[in-house]
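Coordinate inspection notes
The primary structure of each chain is shown beneath.
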Amino acid sequence: MITMEDIIREGNPTLREVAHEVTVPLSDEDIKLGQDMMEFLKNSQDPVKAEELGLRGGVGLAAPQLDISKRIIAVHVPNGDLENPEPTLSAVMYNPKILSHSVQDACLGEGEGCLSVDREVPGYVVRHNKITLSYIDTDGVKQKIRLKNYEAIVVQHEIDHLNGVMFYDHINPENPYALKDGVLVIE
Ligand code: FHF
Ligand code: ZN
């Protein structure tokens, strides 16, 4: 089981590496890693388990955050409705790739945080509002999906980890809340 002790923090050079593609067909080891990453996200969003295990709530996790330099991400985005547990997006993605993106940009009004960053970094993290993405799923099948708004932002945060990029690399150091015209602010 993955816990916070398995997550490396900023300063660890693995977080700045470009991670390696995984081989297809997927190895049993890579399938197991993906399953463990998804279990972490679900546990981290379960108030009882998160408290027991001391987990910080997360909607995404990338293998480099576990000191494993492979192009594997997990995303589990809750829909916000406590009545309906159906997540809006829940997937383990191997070799995810952004094929195209919108001209329009977007950012989270609250800014971003990271499981590998134990401090608050204020400011807007401007990303693409819509992305078309390909990836290999847990069954080894190639998928192609379109994402927008929050789901697209989360996946871009995770793919950044595969390329050694941290969320604060996108923040304007002079004016962290400067925004160009037309950027969608997601509240
Ligand atoms: C998070 N947590 O998941 C943040 C961090 C925008 O690479 O967003 O570092 F638990 C992955 C509902 C809404 C339930 C929000 C992508 C952020 C990715 C993890 N929590 C949440 C929730 C959250 C990072 N990460 C603040 C930990
Ligand atoms: Zn992160």
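Residues numbered from 1 in each chain as written. Chains lettered and ligands numbered in written order. Predicted model: local features only at pLDDT ≥ 70, side-chain atom pairs only at ≥ 80, totals over all residues. Heavy atoms only, no water.

- Per an unreviewed UniProt entry, the chain goes by the name Peptide deformylase and belongs to Enterococcus rotai.
- Per UniProt, the comment on the chain under Function (unreviewed entry) is "Removes the formyl group from the N-terminal Met of newly synthesized proteins. Requires at least a dipeptide for an efficient rate of reaction. N-terminal L-methionine is a prerequisite for activity but the enzyme has broad specificity at other positions."
- UniProt lists a comment for the chain under the heading Catalytic activity (unreviewed entry), and it reads "N-terminal N-formyl-L-methionyl-[peptide] + H2O = N-terminal L-methionyl-[peptide] + formate". (UniProt positions renumbered as here; feature names shortened; annotations may be inferred.)

**What about the sheet that holds strand β4 (residues 105–108)?**
- If you trace the 3 strands from one edge of the open sheet to the other, you get β5-β4-β8, paired in mixed fashion. Whereas interior strands pair on both sides, the edge strands pair on one side only; in this sheet they are β5 (127–128) and β8 (184–186).
- Where β4 and β5 come together, 2 bridges link them in antiparallel fashion. Bridge pairing in β5 places D105 opposite H128. (Pairing = 2+ DSSP bridges. Helix = DSSP H or I, 4+ residues; strand = E, 2+ residues; numbered from the N terminus.)

**Some points on the sheet that holds strand β7 (residues 142–148)**
- Reading across from one edge, β1-β2-β3-β6-β7 is the order of the 5 strands in this open sheet, with antiparallel pairing throughout. In this open sheet, the two strands that pair with only one neighbour each are β1 (60–62) and β7. Ignoring strand direction, the axes of neighbouring strands in this sheet form an average angle of 40 degrees.
- Taken together, the 3 bridges between β1 and strand β2 (residues 72–77) define a ladder with antiparallel strand orientation. (Axes fitted to C-alpha atoms, helices over the stretch in contact; angles between N-to-C directions.)

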